[in-house]
Amino acid sequence: MNMGVVEDKDNALYYKIVDKNRVVCLAIVTKYNGYSEDIEINLLETKDGYGGNGYGRAMLEYIIKDLKPKYITIYAVDENAMKFWHHMGFRKVKDSYYGEQMCKKVKKSEIL
């Protein structure tokens, strides 16, 4: 399994996980005001048939170690996404036009 930043463009980072020459997980992360202390994960998606194998968790852990954010915000739009993010420690902040807004304060132990 290989993972890393594909592109850093306009305050957005594009991450991917490749396993056996297939992209199995993608993520797009926005750094607020160009800083990485507060980030928003705009997309974290695992390819159909690859869910439940730890790719989403691995991607989230990689992003946290790479950017060392204090807070992460996401918008969950379906039940499976909400379950995943809740399982990862995110809590609902409010409902919005974009979906259920969830946030997580990152612990120092998660960065190390």
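Description of the structure in this document. Predicted model, so just to flag it, every value in this text is computed and none were measured.

Along the backbone of the chain there are 3 helices and 7 strands. Mapped in sequence order, the helices and strands of the chain form the string β-β-β-β-α-β-α-β-β-α. Here the chain has a C-alpha radius of gyration of 13 Å; the compact-globule value for 112 residues is 13 Å, and the two agree. In terms of overall dimensions, the chain has a C-alpha envelope of 40 × 30 × 30 Å along the principal axes. The buried share of the chain, taken over its 112 residues, is 34%. A sequence separation of at least 24 residues applies to 44% of the contacts in the chain between residues at least 6 apart. For the chain, the accessible surface area stands at approximately 7300 Å², while carbon and sulfur atoms represent 47% of it. A gap of 5 Å separates the mean positions of the 18 positive and 16 negative side-chain charges of the chain.

On to the packing of aromatic side chains, then. Taken as a whole, this structure holds 4 aromatic pairs when the rule is applied. Consider the rings of Tyr15 and Tyr62, whose centres lie 5.9 Å apart with planes at 80°: the pair is edge-to-face. Here the residue Tyr15 occupies a position in strand E2 (residues 12-19), and Tyr62 occupies one in helix H1 (residues 55-67), the gap between them amounting to 47 residues. On the basis of relative accessible area, Tyr15 is assigned to the buried category, the value being 1%. Both rings, one in Phe84 and one in Trp85, keep their centres 5.0 Å apart while their planes meet at 75°; by these two values the pair is edge-to-face. Among the aromatic residues, those joined into a ring-pair cluster are Phe84, Trp85 and Phe90.

Next up on the list: unusual backbone geometry. One non-glycine residue, Lys20, lies in the positive phi region at around 55°. One non-glycine residue, Asn21, adopts positive backbone phi at about 65°. Its place among the elements puts Asn21 in the loop between E2 and strand E3 (22-31). Using a relative accessible area of 79% as the deciding quantity, one classes Asn21 as exposed.

Relative to the elements of secondary structure, Asn42 occurs in strand E4 (residues 38-46). C-alpha of Asn42 to C-alpha of Ala27: the two residues are 15 residues apart in sequence and 7.4 Å apart in space. With sequence-adjacent residues up to four places away left out, Asn42 is seen in contact with Ile28, Val29 and Thr30. Separated by 2.4 Å, the side chains of Asn42 and Thr30 make a polar contact.

In this structure, Lys104 sits in strand E7 (residues 99-105). In terms of polar contacts, Lys104 uses its side chain to reach the backbone carbonyl oxygen of Met88, at 3.0 Å. Among the polar contacts listed, one links the side chain of Lys104 to the side chain of Glu110, at a separation of 3.1 Å.

What follows deals with helix H2 (residues 79-87). Capping the start of H2, Asp78 holds a side-chain oxygen 3.1 Å from the backbone nitrogen of Asn80, two or three residues further along. One or two residues past the end of H2 sits Gly89, with phi positive at roughly 100°.

Along the chain, Thr73 turns up in strand E5 (residues 71-76). With a relative accessible area of 10%, Thr73 lands in the buried category. If near-sequence neighbours (up to four positions away) are discounted, Thr73 is found in contact with Tyr32, Ile39, Glu40, Ile41, Gln101, Met102 and Cys103.

Calculation criteria
Sequence order as written defines residue numbering, which begins from 1 separately in each chain. Only residues with pLDDT of 70 or above have their local features reported here, since the model is predicted, and side-chain atom pairs are shown and tallied only from 80 upward, although totals for entire chains, interfaces and linings are computed over all residues. Hydrogens and waters are ignored; side-chain quantities use all the structure's heavy atoms. Helix and strand definitions here come from DSSP, where helices need a minimum of 4 consecutive H or I residues and strands a minimum of 2 consecutive E residues; each element is numbered from the N-terminal end. When we talk radius of gyration, it's over C-alpha atoms, and the globule rule is simply 2.2 Å times the number of residues to the 0.38. For the exposure calls, accessible area comes from a 1.4 Å probe over protein chains only, and a residue counts as buried if that area is under 20% of its type's maximum, exposed if over 50%, partly exposed in between. What makes two residues a contact is simply this: any of their non-hydrogen atoms within 4.5 Å. Accessible areas in this description were obtained via Shrake-Rupley with a 1.4 Å probe; residue shielding takes into account the shown protein chains only. Just so you know, the count uses Lys and Arg for positive and Asp and Glu for negative, and it drops His and the chain ends. Where a charge lies is defined by one atom per residue type, namely NZ (Lys), CZ (Arg), CG (Asp) and CD (Glu). A pair of Phe, Tyr and Trp rings is counted when the ring centres sit within 6.5 Å of each other, with Trp represented by its six-membered ring. The angle between the planes then sorts it: under 30 degrees is stacked, over 60 is edge-to-face, the rest tilted. Polar contacts, as used here, are pairs of N or O atoms within 3.5 Å; protein pairs need one atom able to donate a hydrogen and one able to accept it. Residues neighboring in sequence count only if both atoms are side-chain atoms.

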